[in-house]
Amino acid sequence: MSDWLSPDWPAPDRVKACVTTRAGGVSLAPFDSLNLGDHVDDDPAAVAENRRRLTERFAMRPAWLQQVHGIAVVEADPTRVATADASWTATPGIACAAMTADCLPVLFCNRAGTRVAAAHAGWRGLANGVLEATLDSLQVPADQVLAWLGPAIGPQAFEVGPEVREAFTAPLPDATQAFVPSHNAGKFLADIYALARLRLAARGVMAVYGGGLCTVTDSRFFSYRRSPRTGRFASLVWIER
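Because the structure is a prediction, the values reported are computed rather than measured. Chains are numbered independently. Their residues run from 1 in the order of the written sequence. Residue-level local features of this predicted model are given only where pLDDT is at least 70; pairs of side-chain atoms are given and counted only at 80 or more, and the full residue set underlies all totals for whole chains, interfaces and linings. With hydrogens and water excluded, all non-hydrogen atoms of the structure serve as input to the side-chain values.

When its secondary structure is counted, the protein shows five helices and 15 strands. Summary of the burial criterion: residues with accessible area below 20% of their type's maximum are buried, those above 50% are exposed, and those between are partly exposed, where the area comes from a 1.4 Å probe applied to protein chains only. Among the 241 residues that make up the protein, the fraction classed as buried is 55%. As displayed, the protein has an accessible area near 10,200 Å², and 50% of this comes from carbon and sulfur atoms. Working convention for charge: Lys and Arg count positive, Asp and Glu count negative, and His plus the chain ends are omitted. Where a charge lies is defined by one atom per residue type, namely NZ (Lys), CZ (Arg), CG (Asp) and CD (Glu). Counting 23 positive and 24 negative side-chain charges, the protein places the averaged centre of each group 2 Å from the other. Helix and strand assignments follow DSSP, with helices taken as H or I runs no shorter than four residues and strands as E runs no shorter than two, numbered in order from the N terminus. Computed with a 1.4 Å probe, the accessible areas rest on the Shrake-Rupley method; for each residue, only the protein chains presented here act as cover.

This is the structure:
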């Protein structure tokens, strides 16, 4: 647990956030050890214990989601598992959570510290507007929003086809700068961090922090691209009680 991350962003003092790593849990390989995903064929008892350890460390209750690479945003509710890819809350002690293993987790808060949100952005969700939908859930002007980009697949590892490039560049021509040709003909290397910043900027959100941690090359994190049978880590944000 000593290598868990605290986002480096100028959030209000009452806004707390954390990114877990592989360390500190009880799951066996290849889910070792703090796998928080209950959909990857890990032992359910191990996942339950890992989640218990997370909530024991912090005074909050996570609202887990069944993520489907969509753009649905729900109010965070720890008593149910909603099918969505983002959540928001204004209730202290409830944590919005995004589980990932290469996709981009994005944490949000308003400058007043009265509302927080978390989004899971794979390339489909990002291209279809999950970040924009999450911004809408905050219900504040863009200049009152802070965003933090968590660990995700880095630009040297994220090889995509032309259809992915087209999905981003058709509505936002500036997105061409986030793609460079790969050594594999017809393929591109995509910078998911740059794509997220461009889409947030298009909505007027300029206070964007984080980015730069590659889940594929940094063994602290689970990575589906590195090993398809793997666990999930979580990025969480909440308002302190």
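There is more to say after this.
This part is about the sheet that holds strand β11 (residues 159-160). If you walk across this open sheet you meet the three strands as β11-β13-β12, and the pairing is antiparallel. Every interior strand has two partners, whereas the edge strands, β11 and β12 (179-181), have only one. Any two strands with at least two DSSP-identified bridges between them are counted as paired. Judged from the three bridges that link them, β12 and strand β13 (residues 188-190) form a sheet pairing that is antiparallel. Paired with Phe179 across the strands is Ala190, a residue of β13.

With that settled, the discussion passes to the packing of aromatic side chains. For this analysis, a ring pair means two rings from Phe, Tyr or Trp (six-membered ring only for Trp) whose centres lie within 6.5 Å, classed as stacked if their planes differ by under 30 degrees, edge-to-face if by over 60, and tilted for the remaining angles. Applying the stated rule across the entire model yields four aromatic pairs. When the ring of Phe221 is compared with that of Phe233, the centres are 5.1 Å apart and the planes differ by 45°; the resulting orientation is tilted. Of this pair, Phe221 sits in the loop between β14 (208-210) and β15 (233-239) while Phe233 sits in strand β15, and the two are 12 residues apart along the sequence. Judged on exposure class, the residue Phe221 and its partner Phe233 are both buried. A connected cluster of aromatic rings, assembled from ring pairs, spans Trp4, Phe58 and Trp238.

Within strand β8 (residues 104-110), seven of the seven residues are buried, which leaves it mostly tucked inside the rest of the structure. Examined bridge by bridge, β8 and strand β9 (residues 116-121) share six bridges and lie antiparallel to one another. Bridge pairing in β9 places Leu107 opposite Ala118. Where β8 folds back onto β9 in an antiparallel hairpin, the turn is made up of five residues, including Gly113, whose phi is positive at roughly 70°.

The next thing to look at is the side chain of Thr134. Note on placement: Thr134 falls in helix α3 (residues 130-138). The exposure class assigned to Thr134 is buried, which follows from its relative accessible area of 0%. Two residues qualify as a contact provided that any one of their heavy atoms is within 4.5 Å of a heavy atom in the partner residue. Setting aside its immediate chain neighbours within four residues, Thr134 contacts Val73, Ala86, Phe108, Ala117 and Ala119.

This part is about the sheet that holds strand β1 (residues 15-19). Pairing is mixed in the open sheet, where four strands are placed in the order β1-β15-β7-β2. Among the strands making up the open sheet, the edge pair consists of β1 and β2 (61-63). Between one strand axis and the next, the sheet turns by 25° as a mean value, whatever way the strands run. In this sheet, β15 lies alongside strand β7 (residues 94-100) in antiparallel orientation, the contact comprising six bridges. Each residue of the ladder has a partner; that of Cys96, found in β15, is Val237. Angles here are taken between N-to-C directions and fall from 0 to 180 degrees, while the axes themselves are lines fitted to C-alpha atoms, restricted in helices to the stretch in contact.

Let us now look at the environment of Asp77. Its place among the elements puts Asp77 in the loop between β4 (73-75) and β5 (82-83). Classification of Asp77 as partly exposed rests on a relative accessible area of 25%. Within 3.5 Å is the distance limit for a polar contact, defined as a pair of N or O atoms, with the added protein rule that one can donate a hydrogen and the other accept it, and that residues adjacent in sequence qualify only through two side-chain atoms. A distance of 2.6 Å separates polar atoms of two side chains, one belonging to Asp77 and the other to Thr79.

Before going further, it helps to examine the pattern of salt bridges. Any carboxyl oxygen of Asp or Glu within 4 Å of a side-chain nitrogen of Lys or Arg constitutes a salt bridge here. On inspection of all chains with the given rule, the structure shows nine salt bridges. Between Glu132 and Arg199 there is a salt bridge; the shortest N-O distance is 2.9 Å. With Glu132 in helix α3 and Arg199 in helix α5 (residues 192-202), the pair connects residues that are 67 residues apart, well separated along the chain. Here the two residues Glu132 and Arg199 agree in accessibility, since each one is buried.

Here we take up the confidence of the model for the protein. Per-residue confidence from the predictor is given as pLDDT, running between 0 and 100. Taken over all residues, the pLDDT of the protein has a mean of 97, while the share at 70 or more is 100%. By mean pLDDT, helix α1 (residues 44-57) is the weakest element of the protein at 97, and β8 is the strongest at 99.

What follows concerns empty space enclosed by the protein. Here the term cavity refers to a set of points on a 1 Å grid, laid over the protein atoms alone, in which a 1.4 Å probe fits but cannot get out; the term pocket refers to an open set having protein on both sides within 12 Å along at least five of seven lines, with lining residues being those that place an atom within 4 Å of a point. Grid points are joined across faces, edges and corners, and a volume is the space filled by probe spheres set on the points. Taken as a whole and judged by the stated rule, the model has one cavity of 30 Å³ or more. When its volume is computed, the largest cavity comes out at roughly 30 Å³. What lines the largest cavity is Ala63, Trp64, Leu65, Val74, Glu75, Ala76, Asp77, Arg80 and Ala82.

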